[in-house]
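# Descriptive structure summary
The chain contents come next:
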Amino acid sequence: MTADVRARIAERAARELRPGEIVNLGIGIPNLIPGFLGAGSKVVLHTENGLLGVGPRPGEGELDPDLIDAAKQPVTALPGASYFDSAESFAMIRGGHVDVAVLGALEVSGRGDIANWAVPGRDVLGVGGAMDLVVGARRVIVTMTATSSRGEPKVVADCSYPLTASGAADVVVTELAVFRLRDGELHLTELLDGAVLDDVAAVTTAPFVVSLEETHAS
Amino acid sequence: MWETVVTASRVIDPEEAIAVIRSGDTVMVGGFGLVGAPLALIDALVEHSDASELTIVSNNIGEPGRGLGKLLRQGRIRRGISSYFTSNPEAVAAVNAGQIEATLVPQGTFAEAIRAGGAGIGGFYTPVGAGTQLAEGKEERVIDGVRHVLEEPIRADVALVYAARADTLGNLWYRRTARNFNPLMATAASVTIAEAGEIVPVGALEPESVVTPHLYVDHLVQRP
């Protein structure tokens, strides 16, 4: 999948975030979102290894070995930031104090089930904070390409991979479309970058309701 | 008049400190990856201890040949309890080869179970993991209409933690994201050994800035 497709998904997902929201960004496409947050976005980034108020990547000479994000990459801290231990960090997440989690996934079902931590037959030895985030964050936005690298649909009727959580997704952003979960039902609310309904239907095995309602100039 | 300050220092040599670790022990090790990991204590354990068959409680099993990855290469780890073995491919290979037993725990549950272990809590119900592979066999209960899983506390024989600054009593202060699991683990072991980047005299830390009060800390080691 090209870097361009990933960037476009991140750009669209960035527009889901509202000023003042506390947002946790997962590894992969979500990590591209800061590049699309304008100066007026006023989003506050939380990272589960213990920092609220994550700033941009450090420049040369600013690197601090004690300051990383959950992807173990160097970051900075913005004015107003705070540090805390891992139990408190996850209390923030589980307790509903983090407004939004944006994360990648292997599959999302038509009921909002998310599978993003394990592929059967491969090593199932890393879960990190994925389960805590999808259960705890008030809004869960999934960013992923519409199909896998083998061309298989990722918005599916039922997840075939081990679940991260049931019914946890609120919004799904792919390069073709935006879906929203409403009362356990999947709604297609936006077509992206010139995609037409047939393009989406061809790579989506989950049943969905067409509820086109908004367009964003990009 | 009360003596306001205990003057005995808890500072000892790393070799002396890790001598408390016995074969078969459960050892907690702080750090998120290598950030905030007590690297000098791990090195002492690698170089100056024969303790084997260890159960390691740590978010990761180091990286290949670094941190706990060194102990792994020595074949001294029998079991790992962790949220992310994947950051060390050699740990994954050791699990797949049946050389070590792996218990995978969601990271927030891992942190809270250690907190509970240190706080005398017998367990807790969390919605995290309910209905997934990681909750198989665990007791469940529906609370406010939501499925919850019973998680038991995690404790250890010995905790190895890192703090940027300590006073000689063992009060600890952490720096930036190097805090992570360290303050939790300091509370949850029979013996806690803290490695400090800087050791200052008693009274030099602002009491309000102490994150881990000294009652949790048994021994203190200076990071070289």
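Our structure's up above, just so we're on the same page.
Overview of the structure.

### Some points on the overall build of chain A
When its secondary structure is counted, chain A shows 4 helices and 13 strands. Computed over the C-alpha atoms, the radius of gyration of chain A is 17 Å, within 12% of the 17 Å expected from 2.2 N^0.38 for a compact globule of 218 residues. Based on the C-alpha atoms only, the size of chain A along its principal axes is roughly 50 × 40 × 30 Å. Expressed as a percentage of its 218 residues, the buried residues of chain A come to 46%. Long-range contacts, defined here as pairs at least 24 residues apart, represent 62% of the contacts in chain A between residues at least 6 apart.

### Observations concerning the sheet that holds strand 11 (residues 177-182) of chain A
Residue and element names in this part refer to chain A. Ordered in space as 4-3-2-1-5-8-10-11-12-13, the 10 strands form an open sheet in which the pairing is mixed. Here the strands that pair on one side only, and so sit at the sheet edges, are strand 4 (76-83) and strand 13 (209-210). Bridge analysis of strand 11 against strand 12 (residues 185-191) gives 6 bridges, and the strand direction is antiparallel. From the neighbouring strand, Phe 179 faces strand 12, where its bridge partner is Leu 188. In this fold helix 1 (residues 3-14) packs onto strand 5 (100-103), strand 8 (139-143), strand 10 (171-173) and strand 11, with an angle of close to 160° to the strand it touches most, strand 8.

### What to know about the interface of chain A and chain B
Contacts between chain A and chain B engage 31 residues on the former and 35 residues on the latter. With 5 residues, helix 2 (residues 86-94) of chain A is the single largest residue contributor to the side of chain A that touches chain B.

### Comments concerning helix 4 (residues 89-96) of chain B
The α-helix advances 3.6 residues per turn, and as a result positions three or four apart in sequence lie on the same side. All names here are of chain B. Inspection of helix 4 places Ala 91, Ala 94 and Val 95 among the buried residues, and these make up the whole buried set. For helix 4, the arc enclosing every buried residue in end-on projection is 100°, short of the 170-degree limit, so these residues lie on one face. Elements that come into contact with the buried residues of helix 4 comprise helix 3 (68-73), strand 3 (77-82) and strand 4 (101-104).

### Quick notes on the nonpolar core
Counting residues in each nonpolar core, the largest one holds 136 residues, and the members touching the most others are Val134(A), Val142(A), Met28(B), Ala159(B), Leu160(B), Met185(B) and Ala194(B). For this core, the leading source of residues is strand 8 (residues 156-167) of chain B, giving 8 residues. Excluding residues within four positions of it along the chain, Ala194(B) makes contact with Val161(B), Ala163(B), Ala166(B), Gly170(B), Leu172(B), Ala186(B), Val217(B) and Leu220(B).

### Some details on the sheet that holds strand 9 (residues 155-156) of chain A
Residues and elements named next belong to chain A. With mixed pairing, 3 strands are arranged side by side in an open sheet as 7-6-9. Looking at the sheet topology across the chains shown, the edges are occupied by strand 7 (114-115) and strand 9. Strand direction decides the pairing type here: strand 6 (residues 107-109) and strand 9, joined by 2 bridges, are parallel. For Val 108, the partnering residue across the bridge sits in strand 9 and is Val 155.

### Some thoughts on the packing of helix 2 of chain A against helix 5 (residues 107-119) of chain B
Relative orientation of the contacting elements helix 2 of chain A and helix 5 of chain B amounts to 125°, with a least axis distance of 8 Å. In this view, helix 2 of chain A runs oblique relative to helix 5 of chain B, as classed from their interaxial angle. Seen along the crossing, helix 2 of chain A lies across helix 5 of chain B with a hand that is left-handed. Contacts between helix 2 of chain A and helix 5 of chain B involve Ser86(A), Ala87(A), Phe90(A), Ile93(A) and Arg94(A) from the first element and Gln107(B), Gly108(B), Ala111(B), Glu112(B) and Arg115(B) from the second. Split by residue class, the contact of helix 2 of chain A with helix 5 of chain B holds 4 nonpolar, 3 polar and 3 charged.

### Some details on the pairing of strand 2 (residues 44-47) of chain A
Residue and element names in this part refer to chain A. The pairing of strand 1 (residues 22-25) with strand 2 spans 3 bridges and is classified as parallel. When the sheet's bridge partners are listed, Asn 24 is paired in strand 2 with His 46. Sheet analysis places strand 2 next to strand 3 (residues 51-55), joined by 2 bridges and oriented antiparallel. Considered in strand 3, the bridge of His 46 is made with Leu 52. Here strand 2 folds back onto strand 3 in antiparallel fashion, the turn holding 3 residues, of which Gly 50 has a positive phi close to 115°.

Calculation notes
- Residues numbered from 1 in each chain as written.
- Chains lettered and ligands numbered in written order.
- Predicted model: local features only at pLDDT ≥ 70, side-chain atom pairs only at ≥ 80, totals over all residues.
- Helix = DSSP H or I, 4+ residues; strand = E, 2+ residues; numbered from the N terminus.
- Rg over C-alpha atoms; globule rule 2.2 N^0.38 Å.
- Buried ≥ 20, exposed ≤ 12 C-beta atoms within 10 Å, placed from the backbone.
- Contact = placed C-beta atoms within 7 Å.
- Pairing = 2+ DSSP bridges.
- Axes fitted to C-alpha atoms, helices over the stretch in contact; angles between N-to-C directions.
- Arc of directions from axis to C-beta.
- Core = buried A, V, L, I, M, F, W, Y, C linked by C-beta atoms within 7 Å.
- Parallel < 35°, antiparallel > 145°, perpendicular 65-115°, else oblique.
- Left-handed = near helix turned anticlockwise from the far one by under 90°.
- Nonpolar A, V, L, I, M, F, W, Y, C, P; charged D, E, K, R; others polar.

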